[in-house]
Amino acid sequence: MGTTVLVTGARGLLGQHLMRDLLESGKAVRAFVRRSDDRAFLPPGVEMAIGDITSFSEVRTAMIGCDSVIHACSTHTYTLPPERFWEVNVGGTRNVCDAAEELRCHRVLLTSTISTLVSASGGKVAGPPAGVPARQLMSISKRAAEDDVLARVQKGLPAIIVN
C-alpha cells in the first residue's frame, strides 16, 4: 500500500499546489475541507475528508490511515474575534498533533509564516492577547502553534516546520 497524505488547508493556495505535487509524485492524497468549502478547484483523484480543524474527533477521523499530514490550515480572516483566530491557528495545530501522535503518523509538516521568525510576543503566549491588531495576532498565534509543535518534537513527534 502506498503513502497517504492528509492535507489540511486543502482549499488554500498552498494546499492546492501541494496536493497536485503529491499526486504527481504518486502519493495518495486526502483533502481535509470544511463543509462549506467549494471543492470545484480540488485536483482530480483527491479523496475528501470533511470536517472542522477545531474538532479533534473530525481531524482524527480524517487522519485515520494516513502516513503523514501536511498542516497548511490557518485563518487569515482578520475580522474574526481573537478567540476564534486562536482556536483555528493554535487549537487546530494541537488537534493535528494530538491525532498524529495517537495514530502514530510518520511525519507532520506544519506550514507557518515568516513573521514568526521574529516573535512579536516576546515569549510564550497562552491565549490571544487583548488589544493586539489582527495582523499581529496572526503572527502571535502562528508562533504559539510553532512553540507547541517544537515542544512535542522534543518528546518525539516526527514534525518539521516550514516558514
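A. Expanded view of the sheet that holds strand β4 (residues 68-71). Taken together, the six strands give an open sheet; going across it, the order is β3-β2-β1-β4-β5-β6, and neighbouring strands pair in parallel fashion. For this open sheet the edge positions go to β3 (47-50) and β6 (159-162), each flanked by a neighbour on one side alone. Strand after strand, the sheet turns through a mean of 20 degrees between neighbouring axes, direction not considered. Sheet topology note: the β4/strand β5 (residues 107-111) ladder contains four bridges and is parallel. Bridged to serine 68 within β5 is arginine 107. The strands that helix α2 (residues 56-63) touches are β1 (4-8), β2 (28-33), β3 and β4; relative to β2, the one it contacts most, it runs at about 165 degrees. Here helix α3 (residues 82-103) sits on the sheet and contacts β1, β4 and β5; the angle it forms with β4, its principal contact strand, is near 175 degrees.

B. Representation of the pairing of β4 in the model. Of the two faces of β4, the one carrying Ser68 and Ile70 and the one carrying Val69 and His71 are both buried. Relative to β4, β1 is paired through four bridges, and the arrangement is parallel. Each bridged residue has a counterpart across the sheet, and for leucine 6 the counterpart in β4 is valine 69. Each parallel crossover has a hand, and the one from β4 via α3 to β5 is right-handed.

C. The pattern of salt bridges, seen in detail. The final tally for this structure, using the stated rule, is eleven salt bridges. Arginine 60 is the partner of glutamate 102 in a salt bridge, and the nearest nitrogen-oxygen pair spans 2.4 Å. Pair noted here: glutamate 102 is in helix α3 and arginine 60 is in helix α2, with a separation of 42 residues, a long-range link. For arginine 60, a relative accessible area of 24% puts it in the partly exposed group. Residues aspartate 98 and arginine 152 are paired through a salt bridge, measuring 2.8 Å at the closest nitrogen-oxygen approach. Within this pair, whereas aspartate 98 is found in helix α3, its partner arginine 152 is found in helix α4 (residues 134-154), the two being separated by 54 residues in sequence. Residue classification places arginine 152 among the buried positions, given a relative accessible area of 12%.

D. Quick look at the environment of aspartate 147. Following the sequence through the fold, aspartate 147 ends up in helix α4. The exposure class assigned to aspartate 147 is buried, which follows from its relative accessible area of 14%. Note: C-alpha distance between aspartate 147 and valine 90 (57 residues apart in sequence) is 9.7 Å.

E. View of the state of the cysteines. By the definition in use, this model includes zero disulfides. For the unlinked cysteine cysteine 73, the closest cysteine sulfur is that of cysteine 97, found at 13 Å. Overall, the relative accessible area of 17% leaves cysteine 73 in the buried class.

F. Region of interest: the packing of α2 against α3. Close contact between α2 and α3 brings their axes to 9 Å; oriented N to C, the two are set at 45 degrees. Taken together, the axes of α2 and α3 lie oblique to each other. Handedness of the α2/α3 crossing: right-handed. Judged by residue contacts, Phe56, Val59, Arg60 and Met63 of α2 engage Asn95, Val96, Asp98, Ala99, Ala100, Glu102 and Leu103 from α3. Split by residue class, the contact of α2 with α3 holds seven nonpolar, one polar and three charged.

Calculation criteria
Residues numbered from 1 in each chain as written. Predicted model: local features only at pLDDT ≥ 70, side-chain atom pairs only at ≥ 80, totals over all residues. Heavy atoms only, no water. Pairing = 2+ DSSP bridges. Helix = DSSP H or I, 4+ residues; strand = E, 2+ residues; numbered from the N terminus. Axes fitted to C-alpha atoms, helices over the stretch in contact; angles between N-to-C directions. Contact = heavy atoms within 4.5 Å. Buried < 20%, exposed > 50% of the residue type's maximum accessible area, 1.4 Å probe, protein only. Right-handed = clockwise from strand over helix to strand, strands pointing away. Salt bridge = Lys/Arg side-chain N within 4 Å of Asp/Glu carboxyl O. Disulfide = S-S within 2.5 Å. Parallel < 35°, antiparallel > 145°, perpendicular 65-115°, else oblique. Left-handed = near helix turned anticlockwise from the far one by under 90°. Nonpolar A, V, L, I, M, F, W, Y, C, P; charged D, E, K, R; others polar.

So yeah, pure geometry; function would need other evidence.
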